[in-house]
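Fold and geometry: a report
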Amino acid sequence: MNILAIESSCDETAAAVVEDGEKVRSSVVASQVPIHRKYGGVVPELASRQHVQAILPVIEEALSRAETSLAGLQGIAVTQGPGLVGSLLVGIAVAKSLAYVLNLPVVGVNHILGHVAAIFLDFSGLKFPFVSLVVSGGHTSLFRVESRTRMALLGRTRDDAAGEAFDKVAKLLDLGYPGGEIIDRLGKEGDRTAIPFPRTLLEPDSLDFSFSGVKTAVLNYLKGLGGKPSPSQLRDVAASFQEAVVDTLVSKVLRAARREGIREVVVAGGVACNSRLREKFSQEGKESGMGVCFPPPALCTDNAAMIGVAGFHLLQEGVRADLTLNAYSRMNIG
Ligand code: KG4
Ligand code: ZN
């Protein structure tokens, strides 16, 4: 079954053709980063307008790279939320139109379920249940994943998402946008033990997160320097901030896995590209006898292939949307 998947929840216009939920025949991502960079963050109005311009060429490119056409499709999957409503609506309008004209089943996919589903492309034999951390610019949440389509929320951030904290700290350091990748690179050259930024673990039994404290601590540290940080101070702040975030994420995931009695962990979402996060999770996983896996980096940041995988499994279960399919800025899961 060839599914055309469409993702337009934030600042990437993406389309993919996925076969049987396991083979990515094409995955095209048109990034809007250059458009939003000068504003230091995503401007929703600009994002919607850009999706309108990009969506049809991106779909055409995905079909062409998959060496197929609209006639070769058996279903359509589209991100329904959470995300920017104006952006989501562009993908949804196209998905519904195609489904109507081609008489194909269409299904709305939760973006966060999509991030987790990316793992099934590389680890098809993964055993359920497992614990999943979805850590991105918009989300930092922990789930108990029961099946390819069902998961229960264990904890979530009470303020900033981890990726948002990376982006905001990069802005404070005047490093550019988006900040995660830049801090990752810079942090490799810094001393991660230089500044003891706080690890906010909240109540002893809590599986929630909070990243506003570490962000404020970086701001106060910079104020305390009384001037522009030197290049070596910048590297140390980047490395120490990153270490604080990574430590917090690792501790919470291990806490969740222990509490749930689960020994398998999946880390997904844009921040799962972070090299120190991958290194520390792998190290801690080995020490505590926990299996930790990540989708490849290109499938961690927003893409449509992950929506195609989740969409396939939903369609297999008989889930269908009709022409009332709508966009939601927030969507509960589990
Ligand atoms: O999953 P994603 O593309 O979009 C959302 O659903 O939010 O994630 C984007 C986020 C941004 O905040 C970006 O700074 C962060 O992922 N990110 C990273 C890295 N690469 C992307 N954060 C830390 N280290 C990285 N290497
Ligand atoms: Zn995402």
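Residues numbered from 1 in each chain as written. Chains lettered and ligands numbered in written order. Predicted model: local features only at pLDDT ≥ 70, side-chain atom pairs only at ≥ 80, totals over all residues. Heavy atoms only, no water.

Let us now look at the side chain of His51. On the secondary structure map, His51 appears in helix 2 (residues 44–65). With a relative accessible area of 0%, His51 lands in the buried category. A distance of 2.9 Å separates a polar atom in the side chain of His51 from a polar atom in the side chain of Thr13. Apart from the residues lying within four places of it in its own chain, the contact partners of His51 are Ser8, Cys10, Asp11, Glu12, Thr13, Gln32, Ser87 and Val90. (Helix = DSSP H or I, 4+ residues; strand = E, 2+ residues; numbered from the N terminus. Buried < 20%, exposed > 50% of the residue type's maximum accessible area, 1.4 Å probe, protein only. Polar contact = N/O pair within 3.5 Å; in protein donor to acceptor, adjacent residues only side chain to side chain. Contact = heavy atoms within 4.5 Å.)

Around ligand 1 lies a shell of 18 residues, among which Gly137, Gly138, Asp167, Asp184 and Asn274 are the nearest. Within the backbone of Gly137, one N or O atom sits 2.8 Å away from an oxygen atom of ligand 1. Note that an oxygen atom of ligand 1 is positioned 3.1 Å from one of the backbone N or O atoms of Gly270. Taken by itself ligand 1 offers 560 Å² of open surface, and the protein chains cover 90% of this. Secondary-structure elements contributing two or more residues to the shell around ligand 1 are helix 4 (111–117), helix 5 (162–172) and helix 6 (179–187). For the shell around ligand 1, the per-class residue count stands at 4 nonpolar, 10 polar and 4 charged. Of the residues that make up the shell around ligand 1, three or more belong to each of domain 1 (2–116 + 302–316) and domain 2 (128–294). (Near = heavy atom within 4 Å. Areas by Shrake-Rupley, 256 points an atom, 1.4 Å probe, with all protein chains shown as cover. Nonpolar A, V, L, I, M, F, W, Y, C, P; charged D, E, K, R; others polar. Domains from an automatic or database assignment.)

Within the open sheet, the 5 strands sit side by side as 8-7-6-9-10. Their pairing is mixed. One side of each edge strand has no neighbouring strand; the edge strands of this open sheet are strand 8 (151–156) and strand 10 (291–293). Ignoring strand direction, the axes of neighbouring strands in this sheet form an average angle of 25°. By the bridge criterion, 3 bridges tie strand 9 (residues 264–268) to strand 10 in an arrangement that is parallel. When the bridges of strand 10 are listed, Glu264 appears paired with Gly291. (Pairing = 2+ DSSP bridges. Axes fitted to C-alpha atoms, helices over the stretch in contact; angles between N-to-C directions.)

Looking now at the packing of helix 5 against helix 6. Geometry of a packed helix pair, given as the angle between the helix axes and the separation of the axes. Running from N to C, helix 5 and helix 6 cross one another at 70°; their axes reach a closest spacing of 7 Å. The orientation of helix 5 with respect to helix 6, classified from their angle, is roughly perpendicular. Here Phe166, Asp167, Val169 and Ala170 of helix 5 come into contact with helix 6, specifically with Gly179, Gly180 and Ile183. (Parallel < 35°, antiparallel > 145°, perpendicular 65-115°, else oblique.)

Attention now goes to the domain arrangement of the chain. Assigned domains within the chain: domain 1 (2–116 + 302–316) and domain 2 (128–294). When each unit is reduced to the centre of its C-alpha atoms, the spacing between domain 1 and domain 2 is 27 Å. Taken together, the contact between domain 1 and domain 2 spans 16 residues of the former and 15 residues of the latter. Summed over both partners, the interface of domain 1 with domain 2 comes to about 1,300 Å²; 74% of that surface belongs to carbon and sulfur atoms. (Buried area = accessible area lost by both parts, 1.4 Å probe.)

Sheet architecture is open: 5 strands sit in the order 3-2-1-4-5, paired in mixed fashion. The strands lining the two open edges of the sheet, one partner per strand, are strand 3 (23–31) and strand 5 (106–110). Across the sheet, the mean angle separating the axes of adjacent strands is 20° when strand polarity is ignored. Relative to strand 2 (residues 12–19), strand 1 (residues 2–7) runs antiparallel, the two sharing 6 bridges. Looking at strand 2, one finds that Ala5 is bridged to Ala16. Along the sheet, helix 3 (residues 85–102) contacts strand 1, strand 4 (75–81) and strand 5; its crossing angle with strand 4, the most-contacted strand, is approximately 155°.

Below, the discussion takes up the coordination of the zinc ion (ligand 2). Those protein atoms acting as donors to the zinc ion (ligand 2) are His111 (NE2), His115 (NE2) and Asp302 (OD), and they sit at 2.0 to 2.1 Å. Coordination at the zinc ion (ligand 2) is irregular: its 4 donor atoms span angles of 94 to 138° at the metal. Residue classification places His111 among the buried residues on the basis of a relative accessible area of 3%. By relative accessible area, His115 is classed as buried at 1%. (Donors = N, O, S within 2.8 Å, 3.2 Å for Na, K, Ca; no water. Tetrahedral: all angles 85-135°; square planar, octahedral: opposite > 155°, others 65-115°.)

Attention shifts here to the pattern of salt bridges. Applying the stated rule across the entire model yields 16 salt bridges. Between Arg158 and Glu203 there is a salt bridge; the shortest N-O distance is 3.0 Å. With a gap of 45 residues between them, Arg158 in the loop between strand 8 and helix 5 and Glu203 in the loop between helix 6 and helix 7 (212–225) connect regions that are remote in the sequence. Arg276 is the salt-bridge partner of Glu243, the closest N and O atoms lying 2.8 Å from each other. Of the two residues, Glu243 is situated in helix 8 (residues 231–260) and Arg276 in helix 9 (residues 275–288); the sequence distance between them amounts to 33 residues. For Glu243, a relative accessible area of 5% translates into the label buried. When its relative accessible area of 8% is taken as the criterion, Arg276 is described as buried. Bridged by salt links that share partners, the residues Arg192, Arg199, Glu243, Asp247, Arg276, Glu279 and Lys280 form one connected network. (Salt bridge = Lys/Arg side-chain N within 4 Å of Asp/Glu carboxyl O.)

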